[in-house]
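# Understanding the architecture of this molecule
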Amino acid sequence: MRGTTSAAATAAVLAGLITAAGPAAAAGPACTPGITVLPSLTGGPAGSVRAFGPDGLAVGSSSGLPAYWTADGRVHAVPMPEGFQEGTVTAVNGKGLMAGTVRSTAQGSPGAAFTYQLGAGSVRLVTATSARSGGAEVNDAGHVVALDDGVAKEWVNGKVARELPVPADAHPSTVISSVNGINRRGDVLGTAYTNYWDQDNDQIVSKTFPVVWPAGGYPTASLPVWNDGDQTVGTHATGIDDKGRVVGYEKLSHRDWQERKPAVWKRPYDALPAGPGLVAGYEHLTLDAVSPTANTAVGSAVTFVEGYPNHIRAAYWPGAGAAKALPHPAGATQDARSEAFAVSDDDRVGGSYWGWDGVGSGAVIWTCAGRQAYTPQS
């Protein structure tokens, strides 16, 4: 679950504020719009914010390592277990319980999902070490979900409470490729993948699609997708809110031809997804996170050139209409890039910024983001 925090904590996150460039949107929550480029652990790869917690806490990765930032703007390393060299924190709940993945740089990149309580001296590994382990998420009740050597599982109080099955109507070749979220109620979101030879039609059938495991043991739901069976196309789940609304995107990837199409599903997941409008001036859009209750989603607006993402801009979707762009820090030039991976109910957005213009690079937080989001002018 993408964590929430109080409005009072918002002001504390503004340490190191960098004035935002770009026109402001309509008035929103009582907050001060701004952009904070956060410090990194070692001066290496800058990293990104992946979720928000209580009292101004932000979590993610820095210099390739799992990290978190406190309200005073300081970066902190999550203690690394022996045998692992890189990782990220992917979620945090309202009590400061973090969840994420650590990986080894050994052949095959074996990894493990972990939990870490803010202030503790070490992490707790919750899965086996495997190339098919990781991607942990946590909700405010402390329920943790992750892949454990290819099997999606849920832990309660440190013990496995249930295994999350492949949908009953799925082809026997179907596997769960990732676990992508858990909301307050306990609904779990994942992505499934199937690939098999269709003898009747003499062709390979390949499908990547979102899956929801409802709380309370109700049947697993396969979410409908626009393209069913094209091996160059996959539809990926990225977030689920407390009402069960799911966001994600369709990805077409074939040699130097790339497309990204945003997707939104609503319960009872019996209809094709809706497609939000794109950010003006950009050809594609991903949705990579959704707020728990505020109906907003964030991601990245992209334009590809010969298969390369030549233009990337953090995007903000208020829940209806077209998505908007989020501004770069003051002084950024047109070749600067940003992405958004987290959004909170108090309208903070977290992600990454590449300042190839001399301003600097780093994990980044937009505060009062809706009031900064704007429609680019051609």
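Overview of the structure. Everything numeric in this text was worked out from a predicted model, so none of it was measured. (Residues numbered from 1 in each chain as written. Predicted model: local features only at pLDDT ≥ 70, side-chain atom pairs only at ≥ 80, totals over all residues. Heavy atoms only, no water.)

### What to know about unusual backbone geometry
Put simply, the rule reads: Runs of E in the DSSP output that reach at least two residues are strands. Runs of H or I that reach at least four are helices, and both are numbered from the N terminus.
Residue Pro268 is reached from Arg267 by a cis peptide bond, and omega for that bond is 5 degrees. Along the chain, the position of Pro268 falls in the loop between β20 (257-265) and β21 (284-290). One non-glycine residue, Ser63, lies in the positive phi region at around 55 degrees. With respect to the element layout, Ser63 can be found in the loop between β3 (58-62) and β4 (65-69). Look at Ser109: it is not a glycine, yet its phi comes out positive at around 50 degrees. Looking at the element boundaries, Ser109 is found in the loop between β7 (97-103) and β8 (111-117).

### Thoughts on the sheet that holds β3
Applicable threshold: Two strands are counted as paired when DSSP detects at least two bridges linking them. Axes here mean lines fitted to C-alpha atoms, for a helix over just the part in contact, with angles spanning 0 to 180 degrees between N-to-C directions.
The antiparallel open sheet is built from 4 strands, whose spatial order is β2-β3-β4-β5. The open sheet has two edge strands with one neighbour each: β2 (48-52) and β5 (75-77). This sheet shows a mean twist of 35 degrees between the axes of neighbouring strands, independent of strand direction. Both β2 and β3 contribute to a ladder of 4 bridges, which runs antiparallel. Along β3, the bridge assignment pairs Phe52 with Ala58.

### A closer look at the state of the cysteines
Quick reminder of the rule: Put simply, a disulfide is two cysteine sulfurs that come within 2.5 Å. Think of it in three bands: residues with accessible area under 20% of the maximum for their type are buried, residues over 50% are exposed, and the middle band is partly exposed, with areas taken using a 1.4 Å probe on protein chains only.
Scanning the entire structure with this criterion turns up 1 disulfide. Here Cys31 is linked by a disulfide to Cys368, with a sulfur-sulfur distance of 2.3 Å. Because the sign of the S-S torsion sets the handedness, a value of about 85 degrees for the bond joining Cys31 and Cys368 places this disulfide among the right-handed ones. Residue Cys31 is located in the loop between α1 (7-10) and β1 (34-37), and its partner Cys368 is located in the loop between β27 (362-367) and α2 (369-372); the two are separated by 337 residues in the primary sequence. Across this residue pair, the class does not change: Cys31 and Cys368 are buried.

### Quick notes on the pairing of strand β11 (residues 144-148)
When you tally the buried positions in β11, you get 5 out of 5 residues, the bulk of the element. Of the two faces of β11, the one carrying Val144, Ala146 and Asp148 and the one carrying Val145 and Leu147 are both buried. Bridge count for strand β10 (residues 134-138) against β11 is 3 bridges, and the pairing is antiparallel. Bridge pairing in β11 places Val138 opposite Val144. Counting the residues between successive antiparallel strands, the hairpin from β10 to β11 contains 5 residues, one of them, Gly142, with a positive phi of roughly 85 degrees. Relative to strand β12 (residues 151-156), β11 runs antiparallel, the two being bridged by 5 bridges. Bridge pairing in β12 places Val145 opposite Glu154. Count of turn residues in the β11/β12 antiparallel hairpin: 2 residues, of which Asp149 carries a positive phi of about 50 degrees.

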